[in-house]
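# An overview of the molecular structure
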Amino acid sequence: MVDRDLASIVGMNNVITNPEILRKYSRDYSFATPKSPICIVKPANVDEVQAIVKWANEKHVPLIPVSSGEPHFRGDTVPSTENAVIVDLRRMNKIIRINRSNRVAIVEPGITFQELQKELNKEGMCAYMPLLPRNTKSLLASYLEREPITMPGIHFDSTDPMLCVEIVFGTGDRMRTGEAAGPDPLEKQWEIGKAQISPFGPTQMDPQRLVSGAQGTIGIVTWMSVKCRFISELRRAYFIPSAKLEPLIELSYKLTRIRFSGNIFILNGLNLACLFKHSAGEISALNRNLPKWIMFVSCEGYGPLPEEKVQYLEDDLKELAAQYGLLPVMEIGELSANELNNMLDKPSPDPYWKLRLKGGFDEVMFLTTQGKTPEFADIMTEIAKQQDYPIENIGVYIQPVVQGTSCHCEFDFYYDPASQAESDKTRLLVALTASSMEEKGAFFSRPYPELAEIAYRRSRDTAEMQKKVKSIFDPNGILNPGKLCF
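Residues numbered from 1 in each chain as written. Predicted model: local features only at pLDDT ≥ 70, side-chain atom pairs only at ≥ 80, totals over all residues. Heavy atoms only, no water.

Bringing the overall build of the protein chain into the picture now. Looking only at helices and strands, the protein chain features 16 helices and 18 strands. Projected onto its principal axes, the C-alpha positions of the protein chain cover 65 × 60 × 40 Å. Here the protein chain holds 486 residues, and the buried ones make up 58% of them. Within the protein chain, contacts between residues separated by at least 24 positions form 73% of all contacts whose residues are at least 6 apart in sequence. When the accessible area of the protein chain is evaluated, it comes to approximately 19900 Å², of which 50% is carbon and sulfur surface. Both charge centroids of the protein chain, one from 55 positive and one from 61 negative side chains, sit 2 Å from each other. (Helix = DSSP H or I, 4+ residues; strand = E, 2+ residues; numbered from the N terminus. Buried < 20%, exposed > 50% of the residue type's maximum accessible area, 1.4 Å probe, protein only. Contact = heavy atoms within 4.5 Å. Areas by Shrake-Rupley, 256 points an atom, 1.4 Å probe, with all protein chains shown as cover. Lys, Arg positive; Asp, Glu negative; His and termini not counted. Charge placed at Lys NZ, Arg CZ, Asp CG, Glu CD.)

As C-alpha cells, this is what we get:
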C-alpha cells in the first residue's frame, strides 16, 4: 500500500524497497541503533515533497529527510522509529540562480559544494566553505546544520551563509522566508530587482531559524539562497606553530576583533596530518614530527589593489603574532600553507579526511568562547588518560565563529570500527567527555542523537519550548521523530 501511494506521487522508479539499499539507510558511522526504513522515496520538486508530507500526515507515517550522499556520520538520518520512510532529496539538484552582482546563489538540496563551486567559478565567485566537507555533502544540509565556515571575520550570524529558504512544514504547508516571502514566484521577484538576500521576516518572525539545526524535525527545506564571495586574486597563507594553545587563542582574538578577512582556525598536529595524508602510516609518521598546535591564517586580496592588501595583511599578521611570541611560517617541514589554502576551496578527496587514520571516528562538538578552549583541551586529555585512550588518536579543531565572539570546539576520536573493543572504548569516552564538557559550560548547539540527552538535561525549559514549536509546525510528529528533545 505504501509503495502504491508514494508511486502515485513520484513514480514507481522513485520508490525504493530493495533490502540492500534500505540496509544502507538503517545505520551510519555513528553509534545510533540501526533501524531499517520501509522504503525510500525520491521527490523531484516541492510539489511532490508537499504531497508526500500531506500523505504522511494522513497515514501517520514517519518521514526522515536526507539530502547528502553516503557516508553519514551523526545518527540524524537513521530512523528512530519503526515503519519510517526516507525522503531522499538528491533528485532535487538544480542550481536555480547565480547572481553575481549580489553575490547570491539559490540551490536545491541535492547540490554539493563541488557542483556549486564549479558554476560559481565561471562567475569569478566561490562558496563559503566548512573545513573540507565530504564530496557527497549537500551544501544546503551543511548550512542548515550550521557547520562553521573557515572565515570568521565575515561570519556575522550563527545562520550565515544561509539566507532565504522555502520550507514545507510538517503540516504540509509551504512557506518562503525573508525577502523571498510573498505571493510572487521567484522569477517575478527577480524582475523587480529582488535577489533573496535578506533572511529577515516576514513580519517580525524569522522562520528560517526554526529549521536551522533542527535535523529535519520541523520542516523540509526545498531550496536555499546562500551568500557567496568573490574569488581572491592573490592569496598567501601561513602556519603559526605553538607548543601551547593559549598564545594562539590570544592571537585569534586579536585577528577576529579587527575582522581579519581570511581563513583562521586552529588544529592539533593529528588533524593537520589527516588533512594532508591519506594512509594511517603516513598520518602517524607526520603527526610525530608536527608541533602540538598549529594556527592556520590566510591573507586574501581582490579588487583594484590585491597585492597591496595582501602585503599589509601579512605585515599585520607578523607584527601581531610577535606580540605573543609566535612566528608565522609558510611551511612546516614538507607541508605548505598555500597548498592547504588551495585545499580549502574544495571538498575532501576520498577517503574523507576523518576516515583516513582508523576507518572510523566519533565527535564531541560544541560552542564556547575561545578563551575556554585550553581548559576543555586539558579536560579532554585527563579523561583520555583515565580511560587509557591513546592521546595520539584524538584530533582537535577550533574554529572561531561570528567574528570571534565564540568558537566551534571539536574533539575527533579516531577508532577502528571493526574492533568491538575500540568501538566500546570510544563510545564510553564520547559520553564521558560530553558530560564533563557540559558541566564546564559547553553549549551543544547541534545535539545529535548520541548527545541529545546530555545537551538537554539542564535545559528543560528549552525542551518544553521546542516541543510547543514542534506541535505547531508538525502536530502529528511525522518529521524525524526521536531526534533532539522530541
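Let's shift gears to unusual backbone geometry. With an omega of 5 degrees, the peptide bond between Asp160 and Pro161 qualifies as cis. As for its placement among the helices and strands, Pro161 is situated in the loop between α5 (139-144) and β8 (162-169). With an omega of 10 degrees, the peptide bond between Gly201 and Pro202 qualifies as cis. Of note, Pro202 is situated in the loop between α6 (186-191) and α7 (208-211).

Following the criterion strictly, the structure yields 16 aromatic pairs and no others. Seen from their ring centres, Tyr389 and Phe413 are 6.2 Å apart, and the 85 degrees between their planes marks the pair as edge-to-face. Of the two residues, Tyr389 is situated in the loop between α13 (373-386) and β17 (394-401) and Phe413 in strand β18 (residues 406-415); the sequence distance between them amounts to 24 residues. Take Tyr389: its relative accessible area is 6%, and that puts it in the buried class. Taking the relative accessible area as the measure of exposure, Phe413 reaches 0% and is therefore buried. Taken together, the ring pairs in this structure connect Tyr29, Phe73, Tyr352, Trp353 and Phe361 into an aromatic cluster. Lying over the aromatic face of Tyr302, Lys309 brings its terminal NZ or CZ to 5.5 Å of the ring centre. (Phe/Tyr/Trp six-rings, centres within 6.5 Å; stacked < 30°, edge-to-face > 60°. Lys NZ or Arg CZ within 6 Å of the ring centre and 35° of its normal.)

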